[in-house]
Amino acid sequence: MNDQQLNLVSLFSRIEQLEQHLLIVRKYSTGLKRQLDCVTEQFNNRPELQEWELLKREFAELKKQHNLMLSLSDRTFNSQTLNSPHNNDTKEDAEIVKEFFARVDRQLQQDSLTPTVEESQELASNDEQIVSFHHEEIDAVEQETKFSVFTDEEFKIERMLLLLMRDETEEEDYQEADISAEEFLTKCNEGERDFTGINLAGVDLNEKSFSSYGNLNLSQANLSRAKLSKGKLSSVNLYQANLQRAVLCETELNYINLNNANLTNADLRKTQMYEAKLGKANLRNANLSLANLQKANLCEANLIQANLSGADLTLQANLNDANLSHANLSGAKLRKAQLINADLSNANLSNANLLEANLEGANLRGVKLQEAVYNEATIFPKDFDPVKAGAYLIAPNSSLRNANLAGIDLSQVNLSGAYLEGANLNSANLLHANLSQINLCRANLNKANLNSAKLLQANLCHANLSNADLGSANLTAVDLRAAKLIQSNLSSTNLAGADISQTDLKNAINIHWANLSGANLTGTNLLGISLTNINLSGANLSGANLCGTQLSGANLSGANLTSADLRGARLTRANLEKANLKGANINGAILEENNNDKAKLTGAIMPDGTTHE
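Because the structure is predicted, anything quoted here is derived from the model rather than measured.

Criteria and thresholds
Residues numbered from 1 in each chain as written. Predicted model: local features only at pLDDT ≥ 70, side-chain atom pairs only at ≥ 80, totals over all residues. Heavy atoms only, no water. Helix = DSSP H or I, 4+ residues; strand = E, 2+ residues; numbered from the N terminus. Buried < 20%, exposed > 50% of the residue type's maximum accessible area, 1.4 Å probe, protein only. Areas by Shrake-Rupley, 256 points an atom, 1.4 Å probe, with all protein chains shown as cover. Core = buried A, V, L, I, M, F, W, Y, C linked by side-chain atoms within 4.5 Å. Contact = heavy atoms within 4.5 Å. Patch = residues over 30% accessible without salt bridge, like charges linked within 9 Å, V, L, I, M, F, W, Y side chains within 5 Å. Salt bridge = Lys/Arg side-chain N within 4 Å of Asp/Glu carboxyl O. Polar contact = N/O pair within 3.5 Å; in protein donor to acceptor, adjacent residues only side chain to side chain. Phe/Tyr/Trp six-rings, centres within 6.5 Å; stacked < 30°, edge-to-face > 60°. pLDDT = per-residue confidence, 0-100. Arc of directions from axis to C-beta.

### Description of the overall build of the protein chain
A count of helices and strands for the protein chain gives nine helices and two strands. Its helices and strands taken in sequence order, the protein chain reads α-α-α-α-α-α-α-α-α-β-β from the N to the C terminus. For the protein chain, the residues scored as buried account for 46% of the 613 residues in total. Carbon and sulfur atoms make up 46% of the accessible area of the protein chain, which amounts to about 30000 Å² in all.

What follows is the structure in structure tokens.
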């Protein structure tokens, strides 16, 4: 076969290949037309189009509301409407709605770009495009024709997010600072104090102190995104300042003026803001966890969705008329705080301290009060039931079995006769509290502060008092059987007549000057501890382990020491008059060193049963 014949065969073969490609494209075009018809029908029946006229009417109504708001001089916070407080750099309601409609328009325009049947046929008529088609490209085209649309539920959610979560969609001012941090500090050092309206956006002033700059005026300054952590800005004037997204962790802001300031999304964790002025400030989404806000004025402040967990708002902090809707106040210290007419709808107040707080007229719809505490001096709105909401009533004879009161400030409260068996009071503050006849059996009082507390005839059997401070507390006739007192402080504690039998006291850190007269210490472990000058007169120490115990100068007159282990105990100057030592082991015990250090044993019954003269 010559070359001409070979070329002819090759040409026929090429034609057959082109015909096969053409057949594939025609089949694809037919299927594509069917798919486009189906998609067109779906598009014409979209729920968005059915709601379009309704949304237009809603937009017109919102626009009227917007125009009405512009005529008002006072901004108000009302979480039940869409009219949240306006910031200088926050989008207006009309702009949010416009943005939503613009997004829908873009979606519709994108959908309208779907290829038509005529365009597909033009592709089929072009031989060069037919030849370039491959199966992978066909698959890709098929995928492109599957466009995503809003479901009815997604459409509604998107609209609500745009209207209600404006802070998430707002465009922040990312303008550069007018001067650098170094230039600003230089001006301060040169004596300049008035920086009204200065632009310090994003500057790094971490760990800088401005306390020495008296009367520093930064009112209306732009400090958005500024870094001010661990600094000292106490008493600085930041009236109407923009501190949006500023970082002020662990910063001293005592007595500062932040009235009408914008602190949205600011990081204020662990800040010291004692007696700070925050009236009408915008603290939406701000993080104030563990902040010290004692005596702070937050009247009419916007604290929607703010994090105030563990914050200290005691000493009558003013939160009157504040908007705390959806705020996190879990574990917050609100003792004696003023929350008159505050909006606490859907706020989290679990584990919060509301003792003596005033919530008169507050909006508590949907509020969480699980394990929060209140007392009879707490004022709630009329007809509100805090117990039904999960709060604990701190009052005499209350029933709080297994209650979780860990870390709560219960200083000076009256819980006499209350039932708290198994309760968790880990690290609770019970300073000067009246706990007479309280039932704390098996309660957890680890690290609790019971200094100067009154616990007369209280039941503390099997209670965990490890690391607890019982200094100067009155535990007269208390039941401490089998209680844990490891590393507890019993200095000057009154344990007269207490039942401490089977209790381990060997690791108590301080028992100096404690009164244990008449106490029952049967079988108690006092191995090697110091009981110098302690009062154990009339105490029952039978079978007690006093091996190596320091009892110099202790008063053991009339004590029952039968079968006690006193090996190696130091008893110089101890008063053992009429003490019963029958069966006691005093082998190696130190009873005297010289005539002035002799123990008093007159009338004592010695181990051999004889009476000492």
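So, next bit.
### Some remarks on the nonpolar core
In terms of nonpolar packing, the biggest core is built from 78 residues, with Leu405, Leu450, Leu455, Leu460, Leu465 and Leu536 touching the most fellow members. When neighbours within four sequence positions are excluded, leucine 405 is seen to be in contact with Val373, Tyr392, Ile394, Leu410, Leu420, Asn424, Leu425 and Ala428. Listed in part, the 76 residues of the second largest apolar core include Ala241, Ala261, Ala352 and Ala357.

### Brief notes about a nonpolar patch on the surface
On the surface, a nonpolar cluster with roughly 290 Å² of combined accessible area is contributed by Leu11, Phe12 and Ile15. With respect to the helices and strands, the residue phenylalanine 12 is situated in helix H1 (residues 3-44).

### Regarding the environment of asparagine 404
Tracing the backbone through its elements, the reader meets asparagine 404 in the segment after strand E2 (392-393). Sequence separation between asparagine 404 and asparagine 424 is 20 residues, and the spatial gap between their C-alpha atoms is 4.8 Å. Setting aside residues up to four positions removed in sequence, asparagine 404 forms contacts with Asn351, Glu371, Tyr392 and Asn424. Looking at asparagine 404, its side chain comes within polar contact range of the main-chain nitrogen of alanine 406, at 3.4 Å.

### Points about the packing of aromatic side chains
Per the stated rule, a full pass over the model turns up six aromatic pairs. Ring centres of tyrosine 374 and phenylalanine 380 lie 5.4 Å apart, and the angle between their planes is 80°; this geometry places the pair in the edge-to-face category. Here tyrosine 374 and phenylalanine 380 have matching classes, each one buried. Aromatic side chains phenylalanine 380 and phenylalanine 384 sit 5.4 Å apart centroid to centroid with 35° between the ring planes, which places their arrangement in the tilted category. A residue is classified by how much of its surface remains accessible, and phenylalanine 380, at 15% relative accessible area, is buried.

### Remarks on the confidence of the model for the protein chain
On average, residues of the protein chain score 83 in pLDDT, and 76% of them are at 70 or above. pLDDT under 50 marks residues 111-150. Its contacts with residues more than four places away, or in other chains, come to 45 contacts. Segment residues 153-173: pLDDT under 50, and 52 contacts once partners within four positions in sequence are set aside and those in other chains are kept.

### Details of the side chain of serine 350
With respect to the secondary-structure elements, serine 350 resides in the loop between helix H9 (181-189) and strand E1 (373-374). Excluding residues that lie within four positions of it along the chain, serine 350 makes contacts with Leu329, Ser330, Gly331, Lys368, Leu369 and Gln370.

### Section: the pattern of salt bridges
Enumeration over the complete set of coordinates arrives at six salt bridges. Note that arginine 481 is salt-bridged to aspartate 499, the shortest N-O span being 3.9 Å. Placement of arginine 481 in the segment after E2 and of aspartate 499 in the segment after E2 is noted, with a sequence separation of 18 residues between them. The salt bridge partner of aspartate 565 is arginine 567, with a shortest N-O separation of 2.8 Å.

### Some points on H9
Those residues of H9 lying buried are Ala181, Phe184, Leu185 and Cys188. For H9, the buried positions fall inside an angular range of 95° around the axis, keeping them on one side. Glycine 191 sits one or two residues past H9 and shows a positive phi near 105°.

### Concerning unusual backbone geometry
In this structure, lysine 280 takes a positive phi of about 60° despite not being glycine. With respect to the element layout, lysine 280 can be found in the loop between H9 and E1. A relative accessible area of 38% means that lysine 280 is categorised as partly exposed. The phi dihedral of serine 427 falls on the positive side, at around 65°, and the residue is not glycine. Structurally, serine 427 is set in the segment after E2. For serine 427, a relative accessible area of 38% puts it in the partly exposed group.

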